[in-house]
Amino acid sequence: MSTLTSSQLILCGLRYRIGNGDKMTVARQLYQLQEIDLEIESEEKSLSQKTSQLGERQTLDNAQVRLTSEQQHLDELRRQQHDAEWEVDDMLSKIASAEEKLYGGKITNPKELSSLQHEVSMMKGKSDELENRALEIIDLVEAAEKSVAGATGELQKMEAEWQRQQRQLSEEIEQLKSRLAELRQKRQQLSEEIDSPAVKLYEKIRQQKKPPVARVEQGICHICRISLSASELQRARGGQPVQCGSCGRILFIP
Ligand SMILES: [Zn+2]
């Protein structure tokens, strides 16, 4: 880092005076202060909005709740499928053992045989019914599996996107914080350069109405739209803080 010589320092000071000195009236300084304040307010608003979005996962939680309920529905259907298949197996083994008796040759009584035959045919009818029911449930299970797989994929995408947004949000919050620190420092510096009664007046008006400084354009207060008197304009041109006779704001003639 190079050190400035005293003559360079004088030159810098001179440039500053020539560049800004004449025009840097108190009203202009207050207007600059106001611009910084407006920027601070707007950055603070974004910061609080973004901070409230940080960790906000309502949409994700809702999607998770829906997925959990679909999974529970699928579990219930699988249980029903298991029961239905068990009933079919049970019926088939009952039929097998009845048929074994029927064709085994141990039963010879025609009445008994006919009754057993009737029983087997009743059980076959019941078994068909149970098989159809089991097939219906299998269809429902397949549909529910597809739906759960789709919802799981969707939730994973949402989660990844949420993570990305949260990272971005954190970065933006850090940027806003450092911008705000910069602005507050700039504000501090500027307000120290301005006559302190003028800063006090600015702060007092600012507590009651925002913004506290009004630009004057074509002889009109830009905020309350009232035409200023010749004497108000003349005083305002002097650069010292002059308040609008109507709205009380500090007048700034650009
Ligand atoms: Zn006004």
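Look up a bit, the structure's there.
Residues numbered from 1 in each chain as written. Predicted model: local features only at pLDDT ≥ 70, side-chain atom pairs only at ≥ 80, totals over all residues. Heavy atoms only, no water.

Draft legend 1. Just the overall build of the chain, in detail. Per the secondary structure count, the chain includes 6 helices and 3 strands. Listed N to C, the secondary structure of the chain is α-α-α-α-α-β-β-α-β in terms of helices and strands. Since a compact globule built from 254 residues should have a radius of gyration of about 18 Å, the 43 Å found for the chain marks it as more spread out than a globular shape. Considering only C-alpha atoms, the chain reaches an extent of 130 × 55 × 25 Å along its principal axes. Going through the 254 residues of the chain one by one, you find that 28% of them count as buried. Within the chain, residue pairs in contact and separated by at least 24 positions form 73% of the contacts whose partners lie at least 6 positions apart. Carbon and sulfur atoms provide 51% of the accessible area of the chain, an area that totals close to 17300 Å². (Helix = DSSP H or I, 4+ residues; strand = E, 2+ residues; numbered from the N terminus. Rg over C-alpha atoms; globule rule 2.2 N^0.38 Å. Buried < 20%, exposed > 50% of the residue type's maximum accessible area, 1.4 Å probe, protein only. Contact = heavy atoms within 4.5 Å. Areas by Shrake-Rupley, 256 points an atom, 1.4 Å probe, with all protein chains shown as cover.)

Draft legend 2. Broad picture of helix α4 (residues 110-193). Its 84 residues place the ends of α4 122 Å apart at the C-alpha level, agreeing with the 124 Å of an ideal helix rising 1.5 Å per residue. Capping of α4 at its N-terminal end is provided by Asn-109; its side-chain oxygen lies 2.8 Å from the backbone amide nitrogen of Lys-111. (Expected span 1.5 Å × (residues − 1). Polar contact = N/O pair within 3.5 Å; in protein donor to acceptor, adjacent residues only side chain to side chain.)

Draft legend 3. Representation of empty space enclosed by the protein in the model. In this structure the tally under the stated criterion is 1 cavity of 30 Å³ or more. One number sums up the size of the largest cavity: a volume of about 40 Å³. Taken together, Gln-34, Asp-37, Leu-38, Glu-41, Tyr-202, Arg-206, Lys-210, Pro-211 and Pro-212 form the lining of the largest cavity. Those elements that place two or more of their residues in the lining of the largest cavity are α2 (26-53) and α5 (196-208). Across the lining of the largest cavity, the residue classes break down as 4 nonpolar, 1 polar and 4 charged. (1 Å grid on protein atoms, 1.4 Å probe; cavity = no way out; pocket = protein on both sides within 12 Å on 5 of 7 lines; lining within 4 Å. Points joined across faces, edges and corners; volume = space filled by probe spheres on them. Nonpolar A, V, L, I, M, F, W, Y, C, P; charged D, E, K, R; others polar.)

Draft legend 4. Broad picture of the coordination of the zinc ion. Ligation of the zinc ion by protein atoms is provided by Cys-221 (SG), Cys-224 (SG), Cys-244 (SG) and Cys-247 (SG), these donors lying 2.3 to 2.4 Å from the ion. Coordination at the zinc ion comes from 4 donor atoms whose angles at the metal span 102 to 117°, giving a geometry best classed as tetrahedral. Site description for the zinc ion: donor spacing in sequence, C-x2-C-x19-C-x2-C. A relative accessible area of 3% places Cys-244 in the buried class. (Donors = N, O, S within 2.8 Å, 3.2 Å for Na, K, Ca; no water. Tetrahedral: all angles 85-135°; square planar, octahedral: opposite > 155°, others 65-115°.)

Draft legend 5. Quick look at the pattern of salt bridges. Overall, the coordinates contain 21 salt bridges when judged by the stated rule. Here Glu-159 and Arg-57 are joined by a salt bridge, their closest N and O atoms 3.6 Å apart. Taken together, the residues Glu-159 in helix α4 and Arg-57 in the loop between α2 and α3 (58-104) connect sequence positions 102 residues apart. Taking the relative accessible area as the measure of exposure, Arg-57 reaches 29% and is therefore partly exposed. The network of salt bridges with common partners includes Asp-37, Glu-41, Arg-187, Glu-203, Arg-206 and Lys-210. (Salt bridge = Lys/Arg side-chain N within 4 Å of Asp/Glu carboxyl O.)

Draft legend 6. Local environment of the packing of α3 against α4. Two numbers describe how α3 lies on α4: the axes approach to 7 Å, and their chain directions differ by 160°. Classified by the angle between their axes, α3 and α4 sit roughly antiparallel to one another. For the crossing formed where α3 meets α4, the hand is left-handed. (Axes fitted to C-alpha atoms, helices over the stretch in contact; angles between N-to-C directions. Parallel < 35°, antiparallel > 145°, perpendicular 65-115°, else oblique. Left-handed = near helix turned anticlockwise from the far one by under 90°.)

Draft legend 7. Local environment of the nonpolar core. Formed by 23 residues in total, the largest nonpolar core has its most connected members in Leu-74, Met-91, Ile-95, Val-120, Met-123, Val-141 and Leu-155. Counting residues per element, the ones that place at least two in this core are α3 and α4. Judged by nonpolar contacts, the second largest core, of 21 residues, contains Val-26, Leu-183, Ile-194 and Val-213. (Core = buried A, V, L, I, M, F, W, Y, C linked by side-chain atoms within 4.5 Å.)

Draft legend 8. Inspection of the sheet that holds strand β1 (residues 213-217) at higher detail. If you trace the 3 strands from one edge of the open sheet to the other, you get β2-β1-β3, paired in mixed fashion. Strands at the two margins of the open sheet, each flanked by one partner only, are β2 (220-221) and β3 (250-252). One ladder, built from 2 bridges, connects β1 with β2; its direction is antiparallel. The partner of Val-216 across the bridge, within β2, is Cys-221. (Pairing = 2+ DSSP bridges.)

Draft legend 9. Up close: the packing of aromatic side chains. As enumerated under the stated definition, the model contains 1 aromatic pair in all. On the numbers, 4.5 Å between centres and 25° between planes, the contact of Tyr-31 with Phe-252 is stacked. Linking Tyr-31 in helix α2 with Phe-252 in strand β3, this pair joins segments that are 221 residues apart in sequence. Of the two residues, Tyr-31 and Phe-252, both sit in the buried class. The ring of Trp-162 is capped by Arg-57, whose NZ or CZ atom sits 4.9 Å from the centre of that ring. (Phe/Tyr/Trp six-rings, centres within 6.5 Å; stacked < 30°, edge-to-face > 60°. Lys NZ or Arg CZ within 6 Å of the ring centre and 35° of its normal.)

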